[in-house]
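Fold and contact review
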Amino acid sequence: MADIYTRAERSALMAKVRGRGNATTEGSLAKLLRAQGWSGWRRQQVVRGRAVGERFQVRPDFVFAGPRLVIFVDGCFWHGCPRHGTHPQGNAAFWRAKFRRNQARDRRDTRRLRREGWQVLRLWEHELRAKARPGLLVKLRKVFARARKSPTKRSG
């Protein structure tokens, strides 16, 4: 079916769409962190730095300021998951370039944060599914154990 908008009109319309995070995947991880009693994190908090004289700011999905740990939950589509990422047939060149830029930004942000002394964990969206949960818990426990200061564990 043909689009009812011209290419310029569609572009202007899409430019107005401002997404911020993914409520489903990030919410799923937040729920898991709470269920495990892990606290001390903030969502979508800006982390600023000066890696190799270059100022930058990154907005990880979860920030544990005390242990200097950040977690990104990468969507399988937008970040090009090798297992579950799909590639639209229409405008394929655009989408390939878009996914390459997203992946390059992810690598750059990870590198910058690590240079600033942050521990960075990147999770795929599919790791939050129920059947993958035991493996995810093992991964999170290892990361928290490696962190200089473990996140707060609520009693109870």
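Up top is the structure.
For the structure given in this document, a descriptive report is provided here. (Residues numbered from 1 in each chain as written. Predicted model: local features only at pLDDT ≥ 70, side-chain atom pairs only at ≥ 80, totals over all residues. Heavy atoms only, no water.)

With that settled, consider unusual backbone geometry. One non-glycine residue, Gln 44, lies in the positive phi region at around 55°. Mapping Gln 44 onto the fold places it in the loop between β2 (41–43) and β3 (47–51). Within the chain, Asn 91 stands out as a residue other than glycine whose phi angle is a positive 55°. Among the secondary structure elements, Asn 91 is positioned in the loop between β6 (69–74) and α3 (92–115). A residue is classified by how much of its surface remains accessible, and Asn 91, at 46% relative accessible area, is partly exposed. (Helix = DSSP H or I, 4+ residues; strand = E, 2+ residues; numbered from the N terminus. Buried < 20%, exposed > 50% of the residue type's maximum accessible area, 1.4 Å probe, protein only.)

On to the sheet that holds strand β5 (residues 62–64). Taking strand neighbours across the sheet as the criterion, the 4 strands line up as β2-β5-β6-β7 in an open arrangement whose pairing is mixed. The open sheet has two edge strands, β2 and β7 (119–124), and neither has a second partner. Strand-to-strand twist of the sheet, defined as the mean angle between neighbouring strand axes without regard to direction, takes the value 20°. Note that β2 and β5 share 3 bridges and pair antiparallel. In the sheet register, Arg 42 faces β5, and the bridge partner there is Val 63. (Pairing = 2+ DSSP bridges. Axes fitted to C-alpha atoms, helices over the stretch in contact; angles between N-to-C directions.)

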